[in-house]
Amino acid sequence: MDYGELYNATKDAFTDALAEHKGRPRLMRIDAFDAEDEDGTPVQVIGVLDDDDAMKFVVIEEDDDGAIFPVARSVIYRKSAAKAA
C-alpha cells in the first residue's frame, strides 16, 4: 500500500466514524422549579435537554437511601395538575 492509499483509507475511516457519531444533547440550565410526574410524585426541574429528537426536562430524583441523581423526563406537570390530566 502506498502513501496515497494509506492516506485515503485513513481519511475514509475517520469520515465514516464521525458520520456515525451522534452529537451530545445540549443542556439548557433554567431556574429550578417544583413540579410533579404522571403519578403526582413531586420532582424538582433543574434544566432542559435538547437532543434534536425531542426536548426533555431534567429532574432531580431521590432514592430511598437518600441518594439524588438527575433524570431526563419527557412529561412533567405543574404542581397539582397531574391528577387533573
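The structure under discussion appears in the preceding block.
A brief structural summary.

Rules used throughout
Per-chain numbering applies: the sequence of each chain, read as written, is numbered from 1 onward. Selection of residues for local features in this predicted model requires a pLDDT of at least 70, selection of side-chain atom pairs for listing and counting requires 80 or more, and totals for whole chains, interfaces and linings are taken over all residues. Side-chain metrics rest on all non-hydrogen atoms present in the structure, leaving aside hydrogens and water. A run of DSSP states H or I qualifies as a helix once it reaches four residues; a run of E qualifies as a strand once it reaches two. Both are numbered from the N-terminal end. Relative accessibility decides the category of a residue: with a 1.4 Å probe and only protein chains considered, values under 20% of the type maximum give buried, values over 50% give exposed, and everything between is partly exposed. In this description, contact between two residues means that some pair of their heavy atoms is separated by no more than 4.5 Å. Calculation of accessible area relied on Shrake-Rupley with a 1.4 Å probe; when residues are assessed, cover is drawn exclusively from the protein chains displayed. Take the buried residues of types Ala, Val, Leu, Ile, Met, Phe, Trp, Tyr and Cys, join any two whose side-chain atoms come within 4.5 Å, and each joined set is a nonpolar core. Any two strands with at least two DSSP-identified bridges between them are counted as paired. Each axis is a line fitted through C-alpha atoms, and for a helix only the stretch in contact is used; angles between axes span 0 to 180 degrees, taken between their N-to-C directions. Within the patch definition used here, like charges are joined within 9 Å and nonpolar side chains (Val, Leu, Ile, Met, Phe, Trp, Tyr) within 5 Å, considering only residues with over 30% relative accessible area and no salt bridge. By convention in these notes, a salt bridge is any Lys or Arg side-chain nitrogen within 4 Å of a carboxyl oxygen on Asp or Glu. Within this scheme the basic residues Lys and Arg register as positive and the acidic residues Asp and Glu register as negative, but His and the chain ends are omitted. A charge is said to be at NZ when it belongs to Lys, at CZ for Arg, at CG for Asp and at CD for Glu.

## What to know about the overall build of the protein chain
1) Next: Broken down by element type, the protein chain carries 1 helix and 4 strands.
2) Next: When the helices and strands of the protein chain are read in sequence order from the N terminus, they spell out α-β-β-β-β.
3) Next: Counting over 85 residues, the protein chain shows a buried share of 18%.
4) Next: Long-range contacts, defined as pairs at least 24 residues apart, comprise 28% of the intrachain contacts of the protein chain with a sequence gap of at least 6.
5) Next: When the accessible surface of the protein chain is split by element, carbon and sulfur atoms take 53% of a total near 6800 Å².

## Things to note about the nonpolar core
1) Next: Counting residues in each nonpolar core, the largest one holds 5 residues, listed as Ala35, Val43, Val45, Val59 and Ile76.
2) Next: With residues near it in sequence (within four places) discarded, Val59 still touches Val43, Gln44, Val45, Phe69, Pro70, Val71, Arg73 and Ile76.

## What about the pairing of strand β1 (residues 26-36)?
1) Next: Both β1 and strand β2 (residues 42-50) contribute to a ladder of 8 bridges, which runs antiparallel. In the sheet register, Arg29 faces β2, and the bridge partner there is Gly47.
2) Next: Linking two consecutive strands that pair antiparallel, namely β1 and β2, is a turn of 5 residues; a positive phi of about 85 degrees is found at Gly40 within it.

## Quick word on the sheet that holds β2
1) Next: Spatially, β1-β2-β3-β4 is the arrangement adopted by the 4 strands of the open sheet, whose pairing is antiparallel. The open sheet has two edge strands with one neighbour each: β1 and β4 (68-73). Across the sheet, the axes of successive neighbouring strands diverge by a mean angle of 30 degrees, strand direction being ignored.
2) Next: Bridging between strand β3 (residues 55-62) and β4 involves 6 bridges; their strand directions are antiparallel. Note that in β4 the partner of Phe57 across the bridge is Arg73.

## Notes on a negative patch on the surface
1) Next: Taken together, the side chains of Glu62, Asp63, Asp64 and Asp65 present a region of like negative charge at the surface.
2) Next: Mapped onto the secondary structure, Asp65 falls in the loop between β3 and β4.
3) Next: Residue class for Asp65 comes out exposed when judged on its relative accessible area of 65%.

In short, geometric facts, not functional conclusions.
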